[in-house]
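A structural walkthrough
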Amino acid sequence: PIKACIFDLDGVIVDTTHFHYLAWKRLTNELGFDITEEDNEQLKGVSRMECLRIILSIGGVSTSADKLYDLAEMKNRWYLEHIYTMTEQNVIAGAVEFIDAVQKAGLKVAIASASKNAGIILDKLNLRDRFSVLVDGNVVNKSKPNPEIFLRSARELGVEPDSCIVFEDAISGIQAANNAGMRSVGIGSDDMLKNAHLVVPTLGAMSLEDLFSLENF
Ligand code: B16
Ligand code: MG
């Protein structure tokens, strides 16, 4: 039986994807090149340092190890400038309502995010108290598609992996959920997230009926 739902944060509950994009774009412009929204797709669910490596390879730029750290810091400062302007408007429509319905149905809920800023974002939007478990980029260092982030969430929730449903917008995140032996719901487009057990455009389009239909997988 399904006992818990594990939610990714960026792109599932809050629309921070564009803020990440603007901050990375600013960094590439400083370095003398540019990235597109399409390049940004590859960065979803990927840790900050891993994103930086991908970006530098797009621009054909190489730097020393400590310079890498400075560049990542700079990107994060610009990203946080956007984060501090966020309001409830940036919560994806219907997300909170679905999470509330899941809890009312007696299931546990956790956040599993690659972001080191997950706590800041949840606090800023007054969402932190809704989740009994938060596993983020500060405690997990193996990037999705490694299943560690979801396995740790299940452990902290006190449930078995096969009784968890994961909600994810990133291809790497769907793979991580599947690798953890969990059922996965892709948030976004069908053709991108074809390895998910179910795909919906947003959490707001998800019903409890859809959720429990996954029991049969
Ligand atoms: P930060 P998620 C991920 O969050 C984002 O999708 C990804 O684009 C970002 O690089 C990563 O967090 C790290 O974020 O720089 O804030 O630590 O989708 O796993 O919630
Ligand atoms: Mg995401």
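Keep in mind the model is a prediction, meaning the values are calculated, not measured. (Residues numbered from 1 in each chain as written. Chains lettered and ligands numbered in written order. Predicted model: local features only at pLDDT ≥ 70, side-chain atom pairs only at ≥ 80, totals over all residues.)

**Examining the sheet that holds strand 5 (residues 183-187)**
What the six strands build is an open sheet, ordered 3-2-1-4-5-6; its pairing is parallel. Single-partner strands in this sheet number two, and they are strand 3 (133-135) and strand 6 (198-200). Direction aside, neighbouring strands of the sheet carry axes that sit 20 degrees apart on average. Where strand 1 (residues 4-7) meets strand 2 (residues 108-112), four bridges bridge the pair, whose relative direction is parallel. Following the sheet pairing, C5 is matched in strand 2 by V109. (Pairing = 2+ DSSP bridges. Helix = DSSP H or I, 4+ residues; strand = E, 2+ residues; numbered from the N terminus. Axes fitted to C-alpha atoms, helices over the stretch in contact; angles between N-to-C directions.)

**Considerations on the packing of helix 1 (residues 17-30) against helix 4 (residues 65-83)**
Describing two packed helices takes the angle between their axes plus the distance from one axis to the other. Contact pair helix 1 / helix 4: the axes reach a minimum separation of 9 Å and the direction vectors enclose 140 degrees. Looking at the two axes, helix 1 sits oblique to helix 4. For the crossing formed where helix 1 meets helix 4, the hand is right-handed. Across the interface between the two elements, F19, H20, L22, A23, W24, R26 and L27 from helix 1 touch L71, M74, K75, W78, Y79, H82 and I83 from helix 4. (Parallel < 35°, antiparallel > 145°, perpendicular 65-115°, else oblique. Left-handed = near helix turned anticlockwise from the far one by under 90°. Contact = placed C-beta atoms within 7 Å.)

**What about the pairing of strand 1?**
Residues A4 and I6 point to one face of strand 1 and C5 and F7 to the other, with burial holding for every one of them. Pairing analysis gives four bridges linking strand 1 to strand 4 (residues 164-168), with the strands arranged parallel. Residue pairing in the sheet places I6 in a bridge with V166 of strand 4. (Buried ≥ 20, exposed ≤ 12 C-beta atoms within 10 Å, placed from the backbone.)

**Quick word on the nonpolar core**
In terms of nonpolar packing, the biggest core is built from 45 residues, with I6, F150 and V166 touching the most fellow members. When residues of this core are traced back to their parent elements, those giving at least two are strand 1, helix 5 (95-104), strand 2, helix 6 (118-124), helix 7 (148-157), strand 4, helix 8 (171-179) and strand 5. Per-element accounting of this core gives the leading share, five residues, to helix 7. Setting aside anything within four residues of it in sequence, one finds V166 in contact with I6, F150, A177, M182, S184 and V185. Core analysis: the next-biggest nonpolar cluster, separate from the first, contains eight residues, W24, L27, V46 and I55 among them. (Core = buried A, V, L, I, M, F, W, Y, C linked by C-beta atoms within 7 Å.)

**Brief notes about the site of ligand 1**
If you check the shell around ligand 1, you find 20 residues, and the closest are D10, S113, A114, S115 and K116. Of the residues contributing to the shell around ligand 1, the split by class is six nonpolar, nine polar and five charged. (Near = placed C-beta within 6 Å. Nonpolar A, V, L, I, M, F, W, Y, C, P; charged D, E, K, R; others polar.)

**Details of the environment of L52**
You can see L52 is positioned in helix 3 (residues 48-59). By C-beta crowding, L52 is classed as buried, having 20 other C-beta atoms within 10 Å. Sequence spacing of L52 and T28 is 24 residues, and the spatial spacing of their C-alpha atoms is 9.8 Å. Not counting chain neighbours up to four residues away, the residues in contact with L52 comprise L68, L71 and A72.

**Concerning the pairing of strand 5**
The buried fraction of strand 5 is high, at five of five residues. Pairing geometry for strand 4 and strand 5, over four bridges, is parallel. Residue F167 lies in a different strand from strand 5, and its bridge partner there is V185. Of the crossover connections in this fold, the one passing from strand 4 over helix 8 to the parallel strand 5 is right-handed. Direction of pairing for strand 5 relative to strand 6: parallel, over a ladder of three bridges. Note on strand 6: the bridge partner recorded for I187 is V200. (Right-handed = clockwise from strand over helix to strand, strands pointing away.)

**What about helix 8?**
Listed as buried for helix 8 are I171, G173, I174, A176 and A177. Phi turns positive one or two residues past the end of helix 8, at G181, with a value near 80 degrees.

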